[in-house]
Amino acid sequence: MNRLAERRGAAAGSDDGKSAKPGLKVVAPAGDEQSRTQVVAPEPVGQTDTDKRGTTVPAITEAKNAMHALFVERHADEIDIGNRAGVRSKLAAVADEYLRTHALGLNRLEYGNLIDSLLDDVIGLGPLQSLLEDQEISEIMINHPKQVFVERKGRLVLSPVTFESTTQLRQVIDRIVSTIGRRVDESSPMCDARLRDGSRVNVVLPPLALDGPCMTIRKFSRDKLQPDDLIAMGSATPDMIRFLEVAVRTKLNILVSGGTSSGKTTLLNVLSGFIPAEERIVTVEDAAELQLRQTHVIRLEARPPNVEGKGAVEIRDLVRNSLRMRPDRIVVGECRGGEALDMLQAMNTGHEGSMSTVHANSPYDALNRLETMVLMAGTDLPSRAIQKQIASAIDIVVQAQRLRGGTRKIVSIAEITGLEDGEPRYQEIFQFKQTGVDDEGRATGYHDACGKRSVHLQHFEERGEHVPDAMFEPAASDIGRMTRGRG
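Reading the values: the criteria
- Residues numbered from 1 in each chain as written.
- Predicted model: local features only at pLDDT ≥ 70, side-chain atom pairs only at ≥ 80, totals over all residues.
- Heavy atoms only, no water.
- Helix = DSSP H or I, 4+ residues; strand = E, 2+ residues; numbered from the N terminus.
- Buried < 20%, exposed > 50% of the residue type's maximum accessible area, 1.4 Å probe, protein only.
- Areas by Shrake-Rupley, 256 points an atom, 1.4 Å probe, with all protein chains shown as cover.
- Salt bridge = Lys/Arg side-chain N within 4 Å of Asp/Glu carboxyl O.
- pLDDT = per-residue confidence, 0-100.
- Contact = heavy atoms within 4.5 Å.
- Phe/Tyr/Trp six-rings, centres within 6.5 Å; stacked < 30°, edge-to-face > 60°.
- Pairing = 2+ DSSP bridges.
- Axes fitted to C-alpha atoms, helices over the stretch in contact; angles between N-to-C directions.
- Parallel < 35°, antiparallel > 145°, perpendicular 65-115°, else oblique.
- Left-handed = near helix turned anticlockwise from the far one by under 90°.
- Nonpolar A, V, L, I, M, F, W, Y, C, P; charged D, E, K, R; others polar.
- Core = buried A, V, L, I, M, F, W, Y, C linked by side-chain atoms within 4.5 Å.
- Right-handed = clockwise from strand over helix to strand, strands pointing away.

Some thoughts on the overall build of the protein
In step 1: Tallying secondary structure elements over the protein gives 16 helices and 17 strands in all.
In step 2: Within the protein, buried positions represent 50% of all 487 residues.
In step 3: Counting only carbon and sulfur atoms, one obtains 48% of the accessible surface of the protein, whose full area is about 23400 Å².

Here it is, written out as structure tokens:
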């Protein structure tokens, strides 16, 4: 059969006086069923760039684009993204027909990659699909169509995956933002969006992005992290997790602070898991990312303005509206502006146990940023009045940090103790002490208590939660540190 196919290919190439396209073997169209299934050429094509999805040979790319257009023309109204096997079957039929009609042959590897690539273009996100399915990748950074970096196990590496053209990348971007009713074009070249699994997406288009469309995707783990996972990864110790659990259950107001990609949202998800199932929770976010496990949850998401510049609904509007929704807890995904004032007022007016995140490098910076954001609300409150509100509303600041080598840890848990000299004061209960860097460039160290008893011990006891004094004693030796759990 292989030799027969070769002879047929040679005959087909000599009939029209034209040679076959580079990288493709020519196979004459077959009429019987047996030949119809044998569309694969007997020998591998002499190319080196077709071993991975997302990498292409120009001739195969041209054929794939034609097959995609033919499929859309015939089956656009029949595509069911939930029926992956059915779509794949239709794609295979279109591909087989095209290969026969144009007398093209591919080896088995190329044929399989072709169908996979077509399937990703039709119901997935094109070349990005393989990266999204890779569980070791936590972030995808597309600098331009021909350069894609990924974060794998905390380290940035250049991916072999690229886009065929700027047009293909724009199609993927439009598919992402359109699913949540948003738009991005030259008149509005920046956009925040999310994938179906909650992964965060940011897009910047030319002329702001000089080298072409730029997109950053921060993936969410399919398996939601549990408190035990943080302990196993060295991000916290059992004593720290127990303290935070008691703080959440007894309705202390918690602010999670950290830099970009430090794990704030992940930590907020973990902390929200301690909220009792019978409580009503309202979440407010700019782009929905929180993945609460409770049943009684109302999720609110801000809305950007439409084409006419109207219809915008800001986080601050949603926070104010959430107060009328009879919430037991209000969780604000991230405070970035004037909504900080409304959140503080909510915490001070009976909505205890609320939580939020803020970008800051330390608990001290977090409190200062809150004050700045309250001023962004446009009120004429004096600085002392704002500081009193902060000291009264915030009970605990949890500082997350991405350390050298990509490891993410809780580096500080601090309590607000009140006002001193007109400024909110705090004391650290737990902290991470870095001791050095290992051979792989990762930060090493350990978590330890700071030797200060919590000011909320009576509050815990009144609500039926016992916290032993020994939890706040620093480890006296390396053996003690091992007992509490190493960072």
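Structural notes on the pattern of salt bridges
In step 1: On inspection of all chains with the given rule, the structure shows 23 salt bridges.
In step 2: Glu334 is the salt-bridge partner of Arg336, the closest N and O atoms lying 3.4 Å from each other.
In step 3: Between Arg442 and Glu440 there is a salt bridge; the shortest N-O distance is 3.7 Å.
In step 4: Each of the salt bridges in this network shares a partner with another, and the network as a whole consists of Asp134, Glu136, Arg152 and Lys153.

Some thoughts on the confidence of the model for the protein
In step 1: Chain-level statistics for the protein give a pLDDT mean of 80 and a share of 82% at 70 or above.
In step 2: Counting contacts from residues 477–487, a segment whose pLDDT is below 50, to residues more than four positions away or on other chains yields 23 contacts.

Some points on the packing of aromatic side chains
In step 1: Enumeration over the complete set of coordinates arrives at four aromatic pairs.
In step 2: Taking the centre distance of 6.0 Å and the plane angle of 85° together, the rings of Phe243 and Phe472 count as edge-to-face. Note that Phe243 is positioned in helix H9 (residues 238–249) and Phe472 in the loop between helix H15 (457–462) and helix H16 (478–484), a separation of 229 residues in sequence. Take Phe243 and Phe472: they sit in the same class, and that class is buried.
In step 3: A connected cluster of aromatic rings, assembled from ring pairs, spans Phe243, Phe430, Phe460 and Phe472.

A closer look at the sheet that holds strand S4 (residues 147–152)
In step 1: Pairing within the open sheet is antiparallel, and its six strands lie in the order S5-S4-S3-S8-S7-S6. A strand with exactly one partner marks an edge of an open sheet, and here the two such strands are strand S5 (155–159) and strand S6 (190–194). If you compare each strand with its neighbour and ignore which way they point, the axes differ by 15° on average.
In step 2: For strand S3 (residues 137–144) and S4, the ladder comprises six bridges, and the chain directions are antiparallel. Within S4, the residue paired with Glu139 across the bridge is Glu151.

So, the packing of helix H11 (residues 315–322) against helix H12 (residues 339–348)
In step 1: Look at H11 against H12: their axes get within 8 Å of each other, and the N-to-C directions meet at 15°. Comparing their axes, H12 and H11 come out roughly parallel. Between H11 and H12 lies a crossing of left-handed hand. Contacts between H11 and H12 pair Ile315, Arg316, Val319 and Arg320 from the former with Glu339, Leu341, Asp342 and Met343 from the latter.
In step 2: Across the contact of H11 with H12, the residue classes tally to four nonpolar, no polar and four charged.

Topic: the sheet that holds strand S10 (residues 281–285)
In step 1: The strand order S11-S10-S12-S13-S9-S14-S15-S16-S17 describes an open sheet built from nine strands, whose pairing is mixed. For this open sheet the edge positions go to strand S11 (297–301) and strand S17 (443–449), each flanked by a neighbour on one side alone. Each adjacent strand pair in this sheet contributes to an overall mean axis angle of 25°, direction not counted.
In step 2: Where strand S14 (residues 396–402) lies against strand S15 (residues 408–420), seven bridges are found, and the strand directions are antiparallel. Paired with Ala400 across the strands is Ile410, a residue of S15.

Observations concerning the pairing of S4
In step 1: Taking the residues between adjacent antiparallel strands as the criterion, S3 and S4 are bridged by two residues.
In step 2: Taken together, the five bridges between S4 and S5 define a ladder with antiparallel strand orientation. In the strand pairing of S5, Val148 is matched with Ser159.

Some details on the nonpolar core
In step 1: Phe243, Ile254, Leu271 and Ile413 are the most contacted members of the largest nonpolar core, which totals 36 residues.
In step 2: For this core, the secondary structure elements donating two or more residues are H9, strand S9 (254–258), helix H10 (264–272), S14, S15, strand S16 (423–437) and H15.
In step 3: Per-element tally for this core: the top contributor is H9, with seven residues.
In step 4: Beyond its immediate stretch of four places on either side in the chain, Phe243 contacts Ile396, Ile413, Glu415, Phe430, Ser454, Phe460, Met471 and Phe472.
In step 5: Counting residues in hydrophobic clusters, the runner-up holds 34 residues, among them Val319, Ala346, Val358 and Ile390.

Focus on the pairing of strand S12 (residues 329–332)
In step 1: Across the two faces of S12 the burial is the same, with Arg329 and Val331 and Ile330 and Val332 all buried.
In step 2: Pairing between S10 and S12: four bridges, direction parallel. Looking across to S12, one finds that Val284 is bridged to Val332.
In step 3: Alignment of S12 against strand S13 (residues 355–359), held across two bridges, turns out to be parallel. By the bridge assignment for S13, Val331 is matched with Met355.
In step 4: Each parallel crossover has a hand, and for S12 linked through H12 to S13 it is right-handed.

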